[in-house]
Amino acid sequence: MADEAYNSGIAGRYATAIFDLATDMKSVDAVAADFAALKRMIAGSPDLARLVRAPIFGRNEQKKGMKALLTQMGATQLTIQFILLLAAKRRLFILANIIAAFDAMVARQKGEMRAEVTSARALKDSEIEELKRVLKDKLKRDPQIETHVDPTLLGGLIVKVGSRMIDSSLRTKLNGMRAAMRGN
């Protein structure tokens, strides 16, 4: 738990630094797009995830690998310099936290909010649009929805907005019934 708080603090400072630089250079959207693409690549490639997270790779290996990847994807110079700085400082392992903190700053700047939705199956576009409409009505802000699939939920949704969580999953309801039947 202390490590998570430590990483969160460091990630927040790095995210603030890149956000401030991107704001000054009027390239917040470009850096956000680079980060989104990088996040997708890391999620889709176990080898890339290992390069970013595993301490067995030295800073030079991480810098070389990340520079090649970022150049190939056409990342902005600011993004490339920032990621290479993280590699040089041996901080690539907190990249996911930095991206999350940066995304939150961008959303705040745009008057948006982030909502994380977990469902038992992939949601259809019409379902996502309806969920956006409901969240906007309730919270009076435009939601940016990030979806995840967890088949163990069986049905229903788990919606996280900031520190609030609404769990209407079938798994949670069944566990509650099971506990009630046991007298717990």
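Student: So what exactly am I meant to see when it comes to a positive patch on the surface here?
Tutor: Among the surface-exposed residues, Arg-59, Lys-63, Lys-67 and Lys-89 lie close enough to one another that they form a single positively charged patch. In this fold, Lys-67 is placed in helix H4 (residues 59-73). Take Lys-67: its relative accessible area is 45%, and that puts it in the partly exposed class.

Student: Which parts of the structure should I look at to understand the packing of aromatic side chains?
Tutor: For any pair of aromatic rings, the description consists of the separation of the ring centres together with the inter-plane angle of the planes. With the rule as written, the count across this model stands at four aromatic pairs. Ring centres of Phe-35 and Phe-82 lie 6.2 Å apart, and the angle between their planes is 50°; this geometry places the pair in the tilted category. With a gap of 47 residues between them, Phe-35 in helix H2 (residues 28-44) and Phe-82 in helix H5 (residues 77-88) connect regions that are remote in the sequence. Assessed through its relative accessible area of 0%, Phe-35 is described here as buried. Ring geometry for Phe-35 versus Phe-102: centroids 5.1 Å apart, planes at 80°, classification edge-to-face. Taken together, the residues span a long stretch of sequence, with Phe-35 in helix H2 and Phe-102 in helix H6 (residues 95-110) at a distance of 67 residues. Across this residue pair, the class does not change: Phe-35 and Phe-102 are buried. Linked through ring pairs, Tyr-14, Phe-19, Phe-35, Phe-82 and Phe-102 together constitute an aromatic cluster.

Student: How should I be thinking about H2 in this particular structure?
Tutor: Along an α-helix, a turn takes 3.6 residues, which lines up residues three or four apart on a common side. Given a rise of 1.5 Å per residue, 17 residues ought to cover 24 Å, and the 24 Å separating the end C-alpha atoms of H2 matches this to within 8%. Buried residues of H2: Val-28, Val-31, Ala-32, Asp-34, Phe-35, Ala-37, Leu-38 and Ile-42, and no others.

Student: I keep staring at the pattern of salt bridges and nothing clicks. Help me out?
Tutor: Between side chains of opposite charge, pairing is possible as soon as their charged atoms come close. Scanning all chains against the criterion turns up nine salt bridges. Close ionic contact of Lys-110 with Asp-29 constitutes a salt bridge, the shortest N to O distance being 3.3 Å. Highlighted residues: Lys-110 in helix H6 and Asp-29 in helix H2, separated in sequence by 81 residues. By relative accessible area, Lys-110 is classed as partly exposed at 46%. Linked by salt bridges that have partners in common, Lys-39, Arg-114 and Glu-146 make up one network.

What counts and how
The numbering scheme is per chain: residues are counted from 1 as the chain's sequence reads. Reporting in this predicted model follows two pLDDT cut-offs: at least 70 for local features of residues, and 80 or more for side-chain atom pairs to be given and counted; totals over whole chains, interfaces and linings ignore these cut-offs and use all residues. In computing side-chain values, all of the structure's heavy atoms are included and hydrogens and water are not. Residues enter patches when they are more than 30% accessible in relative terms and free of salt bridges; like-charged ones are connected within 9 Å and nonpolar ones (Val, Leu, Ile, Met, Phe, Trp, Tyr) within 5 Å. Accessible surface area values rest on a Shrake-Rupley calculation with a 1.4 Å probe, where residue burial reflects the displayed protein chains alone. The rule for a salt bridge is simple: a side-chain nitrogen of Lys or Arg has to be within 4 Å of a carboxyl oxygen of Asp or Glu. The sign given to each residue is positive for Lys and Arg and negative for Asp and Glu; His and the chain ends receive no count. Charge coordinates come from a single atom per side chain, which is NZ of Lys, CZ of Arg, CG of Asp or CD of Glu. Helix numbers and strand numbers start at the N terminus; a helix is a DSSP run of H or I with at least 4 residues, a strand a run of E with at least 2. Type-normalised accessible area, obtained with a 1.4 Å probe on protein chains alone, sets the label of each residue: buried when under 20%, exposed when over 50%, and partly exposed for intermediate values. Stacked, tilted and edge-to-face are the three classes applied to pairs of Phe, Tyr and Trp rings, where Trp contributes its six-membered ring and a pair requires centres within 6.5 Å; stacked means planes under 30 degrees apart, edge-to-face means over 60, and tilted covers the rest. Helices are assigned an expected span. That span is 1.5 Å times one less than the residue count.

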